[in-house]
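Fold and geometry: a report
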Amino acid sequence: LYSQSWFGIGVILFSLTTLFQLITLPVEFNASGRAVAVLSESYLPEDEVKGVKAVLSAAALTYVAAALQALLQLLRLIILSGNNRRRD
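First things first, this report covers the structure right here in the doc. (Residues numbered from 1 in each chain as written. Predicted model: local features only at pLDDT ≥ 70, side-chain atom pairs only at ≥ 80, totals over all residues. Heavy atoms only, no water.)

**Some details on the overall build of the chain**
In terms of helices and strands, the chain carries 2 helices and 0 strands. In terms of its C-alpha atoms, the chain occupies a principal-axis envelope of roughly 65 × 20 × 15 Å. In the chain, which comprises 88 residues, the share counted as buried stands at 18%. Working note: accessible area of the chain is about 6600 Å², and carbon and sulfur atoms make up 68% of it. Taken together, the 7 basic and 6 acidic charged side chains of the chain have centroids lying 21 Å from each other. (Helix = DSSP H or I, 4+ residues; strand = E, 2+ residues; numbered from the N terminus. Buried < 20%, exposed > 50% of the residue type's maximum accessible area, 1.4 Å probe, protein only. Areas by Shrake-Rupley, 256 points an atom, 1.4 Å probe, with all protein chains shown as cover. Lys, Arg positive; Asp, Glu negative; His and termini not counted. Charge placed at Lys NZ, Arg CZ, Asp CG, Glu CD.)

Structure follows, in structure tokens:
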């Protein structure tokens, strides 16, 4: 059921999703920073701001982990694509 052309199309589509993840990283960090600013200015007591920063930073780091995983998976697919060409 393997087809080199379908595999190549899959790698291209996966690279587009990886690119999208990389583009959204700065957006996520900016959103987390703005949320901390808004919450610390109006809604939260001063002693809870540190916890909010920690939680929102951890949430933003999940996007970093997902982007890193996608990059490594893309690298794996590219390596597999090169191996399959040598076998044919």
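**Structural notes on the environment of Gly 33**
Relative to the helices and strands, Gly 33 resides in helix α1 (residues 4-43). It is 8.2 Å that separates the C-alpha atoms of Gly 33 and Leu 56, two residues lying 23 residues apart in sequence.

**As for the side chain of Ser 81**
Mapped onto the elements of the fold, Ser 81 is located in helix α2 (residues 46-87). Residue classification places Ser 81 among the buried residues on the basis of a relative accessible area of 8%. Excluding residues within four positions of it along the chain, Ser 81 makes contact with Gln 4 and Phe 7. (Contact = heavy atoms within 4.5 Å.)

**Some points on a nonpolar patch on the surface**
Together, Trp 6, Ile 9, Ile 12, Leu 13, Leu 16, Leu 19 and Ile 23 line one region of the surface with nonpolar side chains, adding up to about 760 Å² of accessible area. Within the fold, Leu 13 resides in helix α1. (Patch = residues over 30% accessible without salt bridge, like charges linked within 9 Å, V, L, I, M, F, W, Y side chains within 5 Å. Salt bridge = Lys/Arg side-chain N within 4 Å of Asp/Glu carboxyl O.)

**Quick notes on α1**
Over its 40 residues, α1 runs 56 Å from end to end, which matches the ideal 58 Å to within 8%, given 1.5 Å per residue. The axis of α1 is deflected most strongly, by about 30 degrees, at Thr 24, and proline Pro 26 appears within four residues downstream. (Expected span 1.5 Å × (residues − 1). Bend = angle between axes of the 7 residues up to and from the residue.)

**Quick notes on the side chain of Ser 32**
Structurally, Ser 32 is set in helix α1. Relative accessible area serves as the criterion here: at 9%, Ser 32 is assigned to the buried category.

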